[in-house]
Amino acid sequence: MAEINTGGGGGKKGGGKVRSKKASTRVDMTPMVDLGFLLITFFILATTLSKPSSMTLNVPDKTKTEETEPIKASNVMTVFLGKDNQAHYIFGKAASEDPEVKTVSMGYDFRKAVMDNVAKVGGEKFVLVLKPTKESTYKNMVDVLDDMAVIKLKRYALVDELTPDEKALLKDKVKLII
Amino acid sequence: MTAMCDVAFLLLTFFILTAQFRSQDAATIETPSSISSIKVPDKDIMIISLDKTGKVYFGIDGQPTRIAMLENIASAKGISFTDKEKKEFSLLSNFGMPIAQLRSFLNLSNEQKGKLKQPGIPTDTTGAGPTNELKEWVYNARKANNNLRIALKGDNLAKFPGFKNVLATLQAQNINKFNLITGTEAPPAGWKAD
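Residues numbered from 1 in each chain as written. Chains lettered and ligands numbered in written order. Predicted model: local features only at pLDDT ≥ 70, side-chain atom pairs only at ≥ 80, totals over all residues.

Moving on: the overall build of chain A. Scanning chain A from N- to C-terminus turns up four helices and six strands. From first element to last, N terminus to C terminus, chain A shows the α and β order α-β-β-β-β-α-β-α-β-α. Relative to its 178 residues, chain A shows a buried fraction of 22%. In chain A, the proportion of contacts linking residues at least 24 apart, taken out of those at least 6 apart, comes to 60%. (Helix = DSSP H or I, 4+ residues; strand = E, 2+ residues; numbered from the N terminus. Buried ≥ 20, exposed ≤ 12 C-beta atoms within 10 Å, placed from the backbone. Contact = placed C-beta atoms within 7 Å.)

Dropping the structure here:
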């Protein structure tokens, strides 16, 4: 099919009767097949096979204030996202009570720290508060939200404002100026 | 040989029919990945992109919707666009131009458009200030198509304040549910969705 046909169906040269040249019925397909493969290559490369996925983010309504029971600081882990893919967290104490600030790197270490703290409090009561600082990147934030999905932690909140206490704490303990 | 060519052309037909062309975007954005398995819808979607320098780009799907949105914003701002400019605008999958510079941008040739570094759509920290143009686009896009779903597409290296400004803009309009577009990654071994 894709081979080049050389020579038609012509007769011998010279001598004898002169016969009309018989045209070959086989068409040279090589260029067409070449083009076909070229197009295949192009379309394979140009199609996006993996469609992006999306995660849903719900944020609280700012216009409504709902009266809710205050959460005990002893059940709360507050995570501050710092620079260089580091997370600083305080656990069990409010920022004004001089808590210990621990620093972990994102990924496995962070997930382990969260799971340890979940185990300490006991599943249902645990609350994680995520506070990205201006040094952190969008990737860090998405990674933490994704980790929440991996750990299946339902009670977490994304808060974009740091309290003065927390700012002072981060400045003192981890030299992060915000 | 014949069989192989048949298969090859069958594949070719398949790829041609299923191909969806990547439209030219105003900026390249590398999204972080997540284990989420919700796919991004193709229709009725508004995508707010945030590139690594914190610039904001805006895009919605559907050419008629884009024109309707532009007309809404033009009448709100007291400017008018020619039919040619509207047509040009409807071809942009996303853009990051302030409204004041939009007209001159639309009159550029395609080549110049590609070369130009778009300054991004102005936002602010409160989400409702007079300089915030993103809120106008979001509002007028939703006016043009009521069913728009809102998706946010941020770059890995984008700093958090840029995201916070976009979030503030959306929250100021009482949009409290949206999607973050991410790449797909496999969940850890043994992980099962609830």
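Moving on from the coordinates now.
Residue and element names in this part refer to chain A. Within the open sheet, the five strands sit side by side as β4-β3-β2-β5-β6. Their pairing is mixed. With partners counted over all chains shown, the strands left at the sheet margins are β4 (102-105) and β6 (156-158), one partner each. Taken over all neighbouring pairs, the strand axes of this sheet differ in orientation by 25 degrees on average, direction set aside. As paired strands, strand β2 (residues 76-81) and strand β5 (residues 127-132) are joined by six bridges and run parallel to one another. Its bridge partner lying in β5, valine 76 is registered against valine 127. (Pairing = 2+ DSSP bridges. Axes fitted to C-alpha atoms, helices over the stretch in contact; angles between N-to-C directions.)

Residues and elements named next belong to chain A. Structurally, alanine 168 is set in helix α4 (residues 164-174). Under the C-beta neighbour-count criterion, alanine 168 is labelled partly exposed, with 14 such atoms within 10 Å. The sequence separation of alanine 168 and lysine 134 amounts to 34 residues, and the corresponding C-alpha distance is 15 Å.

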